[in-house]
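Okay, here's what each chain looks like letter by letter:
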Amino acid sequence: MTYYIDPLRDLGKHLLEVEKPSRYVGGEYGRLAKREALLRMLIAFPDLYEIGMSNQALRIIYNGLNQLEGVSCDRAFAPAPDFERLLREQGIPLYGLDTGISLGDLDVLLFTLGYELGSTGVLTMLAAASIPLHPAARTDRHPIVMMGGPCVSNPLPYSRFIDAFWIGEAEGGFFDLTKQLVALKQAGAGRATLLDLVVSHPSVWVPGKARVKRAMDTHFASREASAAVYPVPSMKVVQHHGAVEIMRGCPNGCRFCHAGYWYRPMRQKSAATIQQEVASFITQGGYREISLSSLSTGDFSHLNALVDSLNQTYAAQHISFQLPSLRVSTFSLPLLKKISEVRKSGLTFAVETPVDAWQLAINKEVSRDTVSAILQEARKYGWRGAKFYFMIGLPVGLDTVTTEEVEIVNFILEIARRTGMHFNINVGTFVPKPHTPYQWVAQINEATARKKLEYIRLKLKSLGHKVGIQDPFVSIIEGLISRGNEQVGEIIEEAYAKGCRLDAWSEFLQKDIWHSLLETATPLVQKITGAQSPDSPVPWHTIDPGISSSYLKKEFFKSESGAVTVPCTVPSQEEPCAHPCGICDTNNKIIENSIQPGNPETGTPAPAAGETDPPRTWRILFSFTKKGSVVFQPHLALVELFSMALTRAGIPVSYSQGFNPLPRMEIAAPLSIGIDAAAEMAALDTDIFFDSTTFKHRINAELPEGIRIGEAINIAIPLGVKKHSLSSLLWGYSYENKDSSDIGVDYVKAADEKKYRLSRIGPEESVFGLKRLSVLAKHPHDPEQGESYFTVYRDIYRNHHIE
């Protein structure tokens with residue numbers, strides 16, 4: 001029998017004992033998984049909700065699998081230690097947020113691992129679901145445990161925990177494999193038969209299997225628009241914007257970059273496809289910030305024309321666009337001005353290493369003159385600073401006269417002198433990665449790295465710059481796992497057993513435990529993080545990335561001589577590929593966008609000009625419920641939920657002015673998490689008259705469960721008439737009183753609300769179960785009396801309200 005968990009029923013008031021309970025209650029808009037499905041799957045991200053819900057791979061897999069007939073794919077994230085403890089105390093297993101299914105009752109549990117420090121999160125999630133950590137201990141009643149993501153380009157450190165690894169891109173065959181699993185399940189196949197099918201796939205690795213070919217999405221550039229919009233997070237996540245992947249792979253060949261090699265070849269979507277996916281994120285997701293995502297967005301063909309077209313379509317709706325990963329050589333201030341029309345974007349320069357010769361070694365060019373020229377021009381248009389990224393420890397042949405920390409400081413000081421700006425500088429430690437030209441190099445040791453980083457921090461911070469440095473010990477852990485073998489898995493397991501959790505978070509990282517474990521394994525750590533011979537086989541030699549080992553060796557030796565490899569372009573008879581790496585064949589090839597965008601017909605049109613004579617403010621006053629899982633959303637998250645729902649519903653909202661326009665909407669009074677509400681009050685200003693009944697029907701269809709508009713009225717406030725904010729009219733509240741045999745109502749002034757709650761529940765009890773029936777306004781002519789906001793507004797604007 002399948003075990004389903006309802007967090008409100010099974011955990012209830014205990015959810016208020018943990019930080020950010022909204023991580024664990026689901027209820028988001030656009031959930032896709034269903035309970036009735038033949039093949040039950042779940043995509044798991046081994047870090048907190050706000051990180052995982054920003055992960056593009058998770059969203060691609062979740063949306064893709066839930067489109068397949070007979071498949072349900074739920075979601076789960078690593079619990080924070082307080083919630084892990086709560087689950088253990090209550091005897092409840094970790095569960096999916098859509099359906100509540102226990103992870104132990106799945107057919108297939110999928111992990112996507114984007115960074116090495118998520119390793120202990122995998123074990124945390126397995127244990128929290130009562131799934132044995134080791135494949136040999138799993139039986140027919142346990143799910144098949146799979147893992148994918150960029151980290152499994154070297155799967156050996158995780159092999160003691162995972163049944164099978166998907167190597168490469170999910171669109172390159174995993175969805176087809178899932179269809180085959182459905183057919184087998186329909187025929188009555190059990191776990192062993194399903195696992196046999198998985199293992200037989202050419203892009204699935206298990207210990208002992210011969211060479212496995214990385215799966216590549218050969219239809220990335222030609223596939224119809226399929227934006228991974230759902231579900232829409234209810235709480236604020238780390239990257240709270242719609243991410244449209246405009247290009248996969250990168251043409252530049254920076255020798256330190258794992259993603260640049262792992263995701264070859266470069267493939268660009270057409271402008272038309274991008275425009276359709278942008279429209280989906282706006283009209284279906286409600287996002288007002290869209291990131292045009294790739295490893296090197298500036299290399300997208302006809303990028304200026306694409307941005308012009310998107311701005312022309314969406315600027316009037318206050319939709320803004322971000323261009324991450326702009327190389328300095330593709331940096332254009334006019335382009336930056338275009339994407340700053342709605343919201344001002346920052347200036348970011350990934351310099352990596354500051355000396356020209358060293359940049360040639362890593363196959364990257366970022367000159368001081370170019371950076372200075374850009375910043376001097378930017379200052380004329382209002383920019384006052386920028387962010388710089390550097391790495392120490394790159395294998396760039398440092399000499400004995402100058403050291404990289406000194407050169408980084410000199411670089412910043414010279415740019416500051418030329419521009420008169422102060423900067424944010426972030427400095428990390430280079431970690432060599434598999435399947436790159438630097439997979440054989442030594443990693444800088446912790447003591448040396450710490451000394452260099454502290455020098456940079458002290459020198460630049462004293463001159464007014466902000467400096468962020470990455471803990472070099474964390475980089476050692478990353479380096480150990482990145483190029484590790486099966487023995488590293490034993491260290492990961494021991495770290496988990498001793499209490500290590502969420503190691504990517506400084507507040508959770510238990511450095512003393514990791515230090516002790518790495519000291520005990522010093523010979524292994526030195527072997528893995530030390531230099532290797534390019535002629536010796538690497539532990540991950542059975543993984544075929546599509547790039548030949550001989551090509552990586554050539555790039556390694558070119559780095560030593562400072563020789564540059566030009567970016568990849570579409571080859572032709574006149575200009576064949578100058579440096580074949582092995583990735584391109586009849587199925588896999590470089591694809592550039594060759595279509596300049598026109599004026600797209602997709603998207604919500606800008607609202608037509610409304611009544612302006614005489615000038616007035618069009619306001620909609622409305623009440624709404626807050627029930628179920630949404631009671632665990634804090635006030636600011638509730639505001640954002642409404643903002644996104646308004647965008648999805650196409651309501652012509654008025655926006656504030658300035659660098660970050662916001663909807664002109666007000667909620668009368670915040671409500672503590674855990675309390676039900678029957679009729680909270682809010683007001684919204686619109687650009688034109690918008691019928692309140694139409695508003696109610698439209699937005700109710702776009703709100704997450706638990707929030708519904710009750711009553712709504714239109715108010716027209718003429719120019720010169722005072723606009724009363726809801727907060728200025730707040731009198732208090734009415735609460736349901738269940739203490740008597742007949743349920744009554746308590747009326748409480750706003751100033752007395754906290755005292756009232758304590759009298760109802762006691763200082764040690766939870767507010768879970770309290771119900772606020774209404775929010776009441778004070779009448780301007782009788783402030784001691786609490787009345788309905790609708791009554792008060794009708795009275796104040798009796799000559800102007802429109803039912």
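It should be noted that the structure appears before, not after, this text.
Heads up: these notes are all about the structure in this document. (Residues numbered from 1 in each chain as written. Predicted model: local features only at pLDDT ≥ 70, side-chain atom pairs only at ≥ 80, totals over all residues. Heavy atoms only, no water.)

**Considerations on unusual backbone geometry**
Thinking step 1. Looking along the chain, the bond that leaves Tyr-230 and enters Pro-231 is cis, with omega of -10°.
Thinking step 2. Omega for the peptide link from Arg-264 to Pro-265 comes to -5°, which places this bond in the cis form.
Thinking step 3. With a phi close to 70°, Asn-363 is a non-glycine residue in the positive phi region.
Thinking step 4. By the element assignment, Asn-363 lies in the loop between helix H12 (356-361) and helix H13 (368-380).
Thinking step 5. A positive phi angle, close to 65°, is found at His-435, a residue other than glycine.
Thinking step 6. Of note, His-435 is situated in the loop between strand E15 (422-429) and helix H15 (446-461). (Helix = DSSP H or I, 4+ residues; strand = E, 2+ residues; numbered from the N terminus.)

**Quick look at the sheet that holds E15**
Thinking step 1. Taken together, the four strands give an open sheet; going across it, the order is E13-E14-E15-E16, and neighbouring strands pair in parallel fashion. The sheet is open, and its two borders are formed by strand E13 (348-352) and strand E16 (466-469), each paired with just one other strand. Each strand axis lies, on average, 20° off the axis of its neighbour in the sheet, ignoring direction.
Thinking step 2. Looking at chain direction, E15 and E16 are connected through four bridges and run parallel. Opposite Ile-425, over in E16, you have Val-467 as the bridge partner.
Thinking step 3. Packed on one face of the sheet, H15 meets strand E14 (385-392), E15 and E16 and runs near 165° to E16. (Pairing = 2+ DSSP bridges. Axes fitted to C-alpha atoms, helices over the stretch in contact; angles between N-to-C directions. Contact = heavy atoms within 4.5 Å.)

**Concerning the sheet that holds strand E8 (residues 242-245)**
Thinking step 1. The strand order across the open sheet formed by three strands is E8-E11-E12, and the pairing between neighbours is parallel. The strands lining the two open edges of the sheet, one partner per strand, are E8 and strand E12 (320-322). Sheet twist, expressed as the average angle between the axes of neighbouring strands with direction ignored, equals 25°.
Thinking step 2. Note that strand E11 (residues 289-293) and E12 share three bridges and pair parallel. Bridge assignment links Glu-289 to a residue of E12, and that residue is Ser-320.
Thinking step 3. Contacts from helix H9 (residues 271-285) reach E8, E11 and E12, with the element oriented near 165° to E8.

Remember, this is a structural readout, not a statement about activity or role.
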